[in-house]
Amino acid sequence: METGSLHHVEIGTTDGEAVVGLLKTKYGFRFTAQRTCSYCKQWVLEAGKAVILVTEATSKFHLEENDVENVSYNDPLFNVWSNPENNRFYDENTVFNIALKVTDIQQVVNNVIEGGGVVVTPPTSIKDEHGEIDIAVVKSCIGNVYHTLLSYHKYSGHFLPGFTTAENTVIERERNYGLVTHIDHIAFVCNQGSTPHILKWYEKCFCMRRFFINRYALIAFVGSLKITDSKKVFTIE
């Protein structure tokens, strides 16, 4: 993993414009890029070094077996989100994708396969006039969580291929500017007792290490993710 490996956090929602408006007016995020296709709308919002991708599905799947792994538009920038308790697709508003910058995508994917994980999108490349990005998508061992893996040392564009730059008015640029500077960590709330398995999975797949910071809290670093159960707090930076 690269230092500072968090690329962006993705929110799946049923009302993208409402979420975008909330992030802009309440938290000072700037709308910087967008992408629209036949099955989804996506907005990129930034505040300091914090980047959030908001995705709204514009068409829904009707699945007889509710098998999320078999749903695909062959688009590595669009992933299906669902509620793992009832397998309802797109009907929940949720943070479901933690995108990470990595130095060796194939190695991470191999680790996921060896760890019994699901590779949603095998390593591939996407490109536009600004260059090329290597990308893959894997499913975490935690609920409906995905990880988009990115290697973009060849890319000079603003966000990712396929997104167009958005312009902000002066008022939008200045509104609540500076309230948010970074995403410090991501919290995963897990069932009590499940954290040892989760930590072992992330250690194997993403080469994390863990250590105690005191007698109660255990910290593990890779990509600013925090895993929490009812008794302990686990962080992945």
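For every chain, the first residue of the written sequence is number 1, and numbering continues from 1 along that sequence. Predicted model: local features are reported for residues with pLDDT of at least 70 only, side-chain atom pairs are reported and counted for 80 or more only, and whole-chain, interface and lining totals are derived from all residues. Values shown for side chains rest on all heavy atoms present in the structure; no hydrogens or waters enter the calculation.

Participant: What am I meant to see in the packing of aromatic side chains here?
Facilitator: To describe a pair of aromatic rings, you give the distance between the ring centres and the angle between the ring planes. Stacked, edge-to-face and tilted labels apply to pairs of Phe, Tyr and Trp rings (six-membered ring for Trp) whose centres lie within 6.5 Å, assigned for plane angles under 30 degrees, over 60, and everything in between, in that order. Enumeration over the complete set of coordinates arrives at six aromatic pairs. Measuring from centroid to centroid gives 5.0 Å for Phe159 and Phe163, while their planes differ by 85°, and the two rings are edge-to-face. In this structure, Phe159 and Phe163 share a single accessibility class: buried. Ring-pair connections join several aromatic residues into one group, and the members of that group are Trp201, Tyr202 and Phe206. To sit over a ring, a charge needs its Lys NZ or Arg CZ within 6 Å of the ring centre and within 35 degrees of the ring normal. Over the face of the ring belonging to Tyr146 we find Lys139, whose NZ or CZ atom lies 6.0 Å from the ring centre. Here the term buried applies to any residue with accessible area under 20% of the maximum for its type, exposed to any over 50%, and partly exposed to those in between, with areas from a 1.4 Å probe on protein chains only.

Participant: Explain helix 4 (residues 195-206) to me, please; I cannot follow it from the model alone.
Facilitator: Residues lying three or four places apart along an α-helix face the same way, a consequence of the helix completing one turn every 3.6 residues. With twelve residues, helix 4 extends 16 Å between its outermost C-alpha atoms, agreeing within 8% with the 16 Å of an ideal straight helix rising 1.5 Å per residue. Listed in full, the buried residues belonging to helix 4 are Thr195, Ile198, Leu199, Trp201, Tyr202, Cys205 and Phe206. On an axial view of helix 4, the arc spanned by its buried residues comes to 160°, and they lie on one face. Of the exposed residues in helix 4, the ones pointing more than 90 degrees away from its buried face are His197 and Lys200. Where helices and strands are cited, they refer to DSSP runs of H or I of at least four residues and of E of at least two residues respectively, numbered from the N terminus. Remark: Cys207 follows helix 4 within two positions and exhibits a positive phi of approximately 60°. Take the residue count of a helix, subtract one, and multiply by 1.5 Å to get its expected span. Arc definition: it is the arc formed by the directions from the helix axis to the C-beta atoms.

Participant: Help me understand the pairing of strand 6 (residues 118-128) in this model?
Facilitator: Here is the key point about a regular strand: its side chains alternate between the two faces of the sheet. As paired elements, strand 6 and strand 7 (residues 131-139) share eight bridges and run antiparallel to each other. Across the sheet, the residue bridging to Thr121 is Val137, located in strand 7. Taking the residues that link successive antiparallel strands as the turn, the strand 6-strand 7 hairpin has two residues. By this definition, two strands are paired if DSSP reports at least two bridges between them.

Participant: Looking at this model, I keep getting lost on the sheet that holds strand 5 (residues 94-101). Mind explaining?
Facilitator: Either a parallel or an antiparallel arrangement is found when strands of a sheet pair, and the pairing is made through backbone hydrogen bonds. Read across the open sheet, the nine strands follow the order 6-7-8-5-1-4-3-2-9; overall the sheet is mixed. Of all strands in the sheet, those with a lone pairing partner are strand 6 and strand 9 (164-165), marking the two edges. Bridge analysis of strand 1 (residues 6-13) against strand 4 (residues 50-57) gives five bridges, and the strand direction is parallel. Note on strand 4: the bridge partner recorded for Ile11 is Val54. Sheet strands touched by helix 1 (residues 16-27): strand 1, strand 2 (30-36), strand 3 (40-47) and strand 4. Its angle to strand 4, the strand with the most contacts, is close to 160°. In this analysis, two residues are considered to be in contact whenever any of their non-hydrogen atoms come within 4.5 Å of each other. Lines fitted to the C-alpha atoms define the axes, with helices restricted to the stretch that makes contact. Angles between their N-to-C directions range from 0 to 180 degrees.

Participant: Honestly, the nonpolar core in this entry has me stumped. Any pointers?
Facilitator: Soluble globular proteins tend to pack their nonpolar side chains together in the buried interior. Put simply, buried Ala, Val, Leu, Ile, Met, Phe, Trp, Tyr and Cys residues joined by side-chain atoms within 4.5 Å make one nonpolar core. Residues Ile98, Ile142, Leu149, Phe188, Tyr202 and Phe206 are the most contacted members of the largest nonpolar core, which totals 23 residues. Mapped by element, the contributors of at least two residues to this core are strand 1, strand 5, helix 2 (105-114), strand 7, strand 10 (186-189) and helix 4.

Participant: Explanation requested: the side chain of Thr55 in the structure shown.
Facilitator: Tracing the backbone through its elements, the reader meets Thr55 in strand 4. Assessed through its relative accessible area of 0%, Thr55 is described here as buried. A polar atom in the side chain of Thr55 sits 2.6 Å from the side chain of Glu10. Under the rule applied, a polar contact is a pair of N or O atoms within 3.5 Å (in protein, one hydrogen donor and one hydrogen acceptor; residues adjacent in sequence only if both atoms are side-chain atoms). A distance of 3.1 Å separates polar atoms of two side chains, one belonging to Thr55 and the other to Gln42. Discounting chain neighbours no more than four positions away, the residues touching Thr55 are Glu10, Ile11, Gly12, Thr13, Cys40, Lys41, Gln42, Phe78 and Trp81.

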